[in-house]
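Notes for the structure review
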Amino acid sequence: MSDVPIGILVCSDRAADGIYEDRGGPAIKAYLGAVLVTVWRPVLILVRDDRAKIANAILRLADDERCPLILTTGGTGPAPRDVTPEATTDVCDRLLPGFGEAMRTASLADVPTATLSRQLAGTLGRSLVINLPGKPSAIKTCLDAVFAAVPHCIDLIGGSRLDTNPAICRAFRPAPERT
Amino acid sequence: MSDVPIGILVCSDRAADGIYEDRGGPAIKAYLGAVLVTVWRPVLILVRDDRAKIANAILRLADDERCPLILTTGGTGPAPRDVTPEATTDVCDRLLPGFGEAMRTASLADVPTATLSRQLAGTLGRSLVINLPGKPSAIKTCLDAVFAAVPHCIDLIGGSRLDTNPAICRAFRPAPERT
Amino acid sequence: MSDVPIGILVCSDRAADGIYEDRGGPAIKAYLGAVLVTVWRPVLILVRDDRAKIANAILRLADDERCPLILTTGGTGPAPRDVTPEATTDVCDRLLPGFGEAMRTASLADVPTATLSRQLAGTLGRSLVINLPGKPSAIKTCLDAVFAAVPHCIDLIGGSRLDTNPAICRAFRPAPERT
């Protein structure tokens, strides 16, 4: 069985222009390296804060690269250049409002400006897309808040199985019962 | 005064096909039997996980059966066959985001996968529609989280008055003041 | 430097018709008077619960009066005449879901019917628009829940700088870092 590809999409004018060293992508890579026991490999894309470019990158990670999980970083605030949630909405089949709520609630314990985050999550075929902030410490707070539900979500949409290190995150898979 | 009809809409392929005994409908009936002191009667409909069928059943419960409260069970997750929130959105006049937030927050104390629920609530004329999960224990968690606000909501949209047993749920009706 | 104009929009049939003395507008004015150290002046508009009239009033406060902050009061419930969130959605460029979530969560500690509030916030050019309830005590609860994030939000959309009295509200401005 081959490595599971996981999409990491950095949305940042300054990082794309090379005037700023991206710290969001490495933070996501480090988090996944610690939490996953499944063998995986990152598929990294770096784009400017451009709605169409971000949307196309998500489509490429889902349709061409077949990533069951796509994590974006950056572009979720209220500034005019922040368009990652719009691009995510453009391409997802359906949105999962519980992710944004849980990530904002967790982040609010750290900073009051978590209220300003528009980050969301959605599914696109067999891929789960989650918007994360740009700041490494905020990325960890957000992933800690939702990661236990990520593997089961991907099971439900038919993506590759992911298993976690229970010492770091106990992924929850309910017993197969459904009404 | 006649019994107040309350809609219970079971959304489940397997229950509709008779290969699975529905447990969501009976759980809702038991909850209402305990919480309401108003004399009521269930109007039960069982449908497959089909967006148009669910939407039509909600319309029938609201327009023909005149149910002030319509509780759906099942079909709120991220799987492709889960379409209850879409059908609810199709027919409701307006959505009440506080219900989904409160139900997910309460459910998160039980299971981390509550983040995956897309359940919502909305109004359709004089009817309040609330999506509930399929699992009986999750139904109770969700109704416990929001039921105190249900009678006043129905008052505000002009539906039949519902009174609760205060030993189980203290329905809140603010003093009639409005700016 | 001149006073910063702040929009206060009272949405109420009864207050507009003069059969009820509005208490929401004065409560907002008192709150801002205590929390802001920036010199400001209120721009007060009183309208009926009419979607087009509310939308036009928000546009006027944003485009003509150049208010960096516009606070509405009233019209956020599920009753048919409550249309402030719809009017706000009509004119805003983008919505900020974290505000509604944080205000409902805080209000739920006071009254269970906070679940029924549809209040939201959004940006319109360089203006931040926030829907508040009509009741003075609920206005205070909601502003307490979100005000620490308001000045930074307005910075991000290019509006006038607002500074707060830290004894009442410590406005949070993250260090200028962005990925």
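Check the entry above for the structure.
1. Considerations on the overall build of chain A
Summing up its helical and strand segments, chain A has seven helices and six strands in all. Counting helices and strands in the order they occur from the N terminus, chain A gives β-α-α-β-α-β-α-β-α-β-β-α-α. Against the globule reference of 16 Å for 179 residues, chain A gives a C-alpha radius of gyration of 15 Å, in line with a compact fold. In terms of overall dimensions, chain A has C-alpha extents of about 45 × 35 × 30 Å along its principal axes. For chain A, the proportion of its 179 residues judged to be buried stands at 56%.

2. Here we look at the relation of the copies chain A and chain C
Rotating chain A by 120° and translating it 0.0 Å along the rotation axis places it on chain C, where the RMSD comes to 0.0 Å. Taken together, these values place the two copies in the relation of a three-fold axis. Among all C-alpha atoms of chain A, that of Glu-101 of chain A lies closest to the rotation axis, at 4.3 Å. Residue by residue, only 4% of the interface of chain A is reproduced at the interface of chain C, so the copies engage with different surfaces.

3. Some thoughts on the relation of the copies chain C and chain B
Note on the copies: chain C fits chain B at an RMSD of 0.0 Å, the axial shift is 0.0 Å, and the rotation between them is 120°. A distinct binding surface is used by each copy, with only 4% of the interface residues of chain C retained as interface residues in chain B.

4. Focus: the interface of chain A and chain C
Facing the 24 residues of chain A at the interface are 19 residues of chain C. The greatest single-element share of the side of chain A that touches chain C, amounting to four residues, is contributed by helix H5 (residues 97-108) of chain A. A class-by-class count of the residues in the side of chain A that touches chain C yields eight nonpolar, ten polar and six charged.

5. Some words on the packing of helix H2 (residues 24-35) of chain A against helix H6 (residues 136-146) of chain A
Residues and elements named next belong to chain A. Direction vectors running N to C along H2 and H6 enclose 40°, while the axes themselves pass 9 Å from each other. Handedness of the H2/H6 crossing: right-handed. Counting all contacts with H2, which are made through Gly-24, Ala-27, Ile-28 and Tyr-31, the residues of H6 involved are Pro-136, Ile-139, Lys-140 and Leu-143. Each residue belonging to the contact of H2 with H6 can be placed in one class, and the counts come to six nonpolar, one polar and one charged.

6. Re the sheet that holds strand S5 (residues 121-124) of chain A
Residues and elements named next belong to chain A. Strand order in the open sheet made by the six strands is S2-S1-S3-S6-S5-S4, with mixed pairing throughout. A single partner strand is all that each edge strand has here, and the edge strands are strand S2 (40-47) and strand S4 (94-95). Relative to strand S6 (residues 127-132), S5 runs antiparallel, the two being bridged by four bridges. Counterpart to Leu-124 in the pairing with S6 is Ser-127. Together, strand S1 (4-11), strand S3 (69-73), S4, S5 and S6 form the strand contacts of helix H4 (residues 84-91), whose direction differs from that of S6 by roughly 165°.

7. Here we look at the pairing of strand S5 (residues 121-124) of chain B
Residue and element names in this part refer to chain B. Both faces of S5 are covered, namely the face carrying Ala-121 and Thr-123 and the face carrying Gly-122 and Leu-124. Bridge count for strand S4 (residues 94-95) against S5 is two bridges, and the pairing is antiparallel. What sits directly across from Leu-95, in S5, is Gly-122. Between S5 and strand S6 (residues 127-132), which follow one another and run antiparallel, lie two residues, and Gly-125 among them has a positive phi close to 60°.

8. Here we look at the pairing of S1 of chain A
All names here are of chain A. Among the eight residues that make up S1, six are buried, leaving the element largely enclosed by the rest of the structure. Direction of pairing for S1 relative to S2: parallel, over a ladder of eight bridges. Across the sheet, residue Val-4 finds its bridge partner in S2, namely Trp-40.

9. Some words on the interface of chain C and chain B
Chain C puts 24 residues into the contact, and the matching count from chain B is 19 residues. With four residues, helix H5 (residues 97-108) of chain C is the single largest residue contributor to the side of chain C that touches chain B. Looking at the side of chain C that touches chain B residue by residue, the classes come out as eight nonpolar, ten polar and six charged.

Here is what the cut-offs are and how they apply
Residues numbered from 1 in each chain as written. Chains lettered and ligands numbered in written order. Predicted model: local features only at pLDDT ≥ 70, side-chain atom pairs only at ≥ 80, totals over all residues. Helix = DSSP H or I, 4+ residues; strand = E, 2+ residues; numbered from the N terminus. Rg over C-alpha atoms; globule rule 2.2 N^0.38 Å. Buried ≥ 20, exposed ≤ 12 C-beta atoms within 10 Å, placed from the backbone. Least-squares fit on C-alpha atoms with pLDDT ≥ 70 in both. Contact = placed C-beta atoms within 7 Å. Nonpolar A, V, L, I, M, F, W, Y, C, P; charged D, E, K, R; others polar. Axes fitted to C-alpha atoms, helices over the stretch in contact; angles between N-to-C directions. Left-handed = near helix turned anticlockwise from the far one by under 90°. Pairing = 2+ DSSP bridges.

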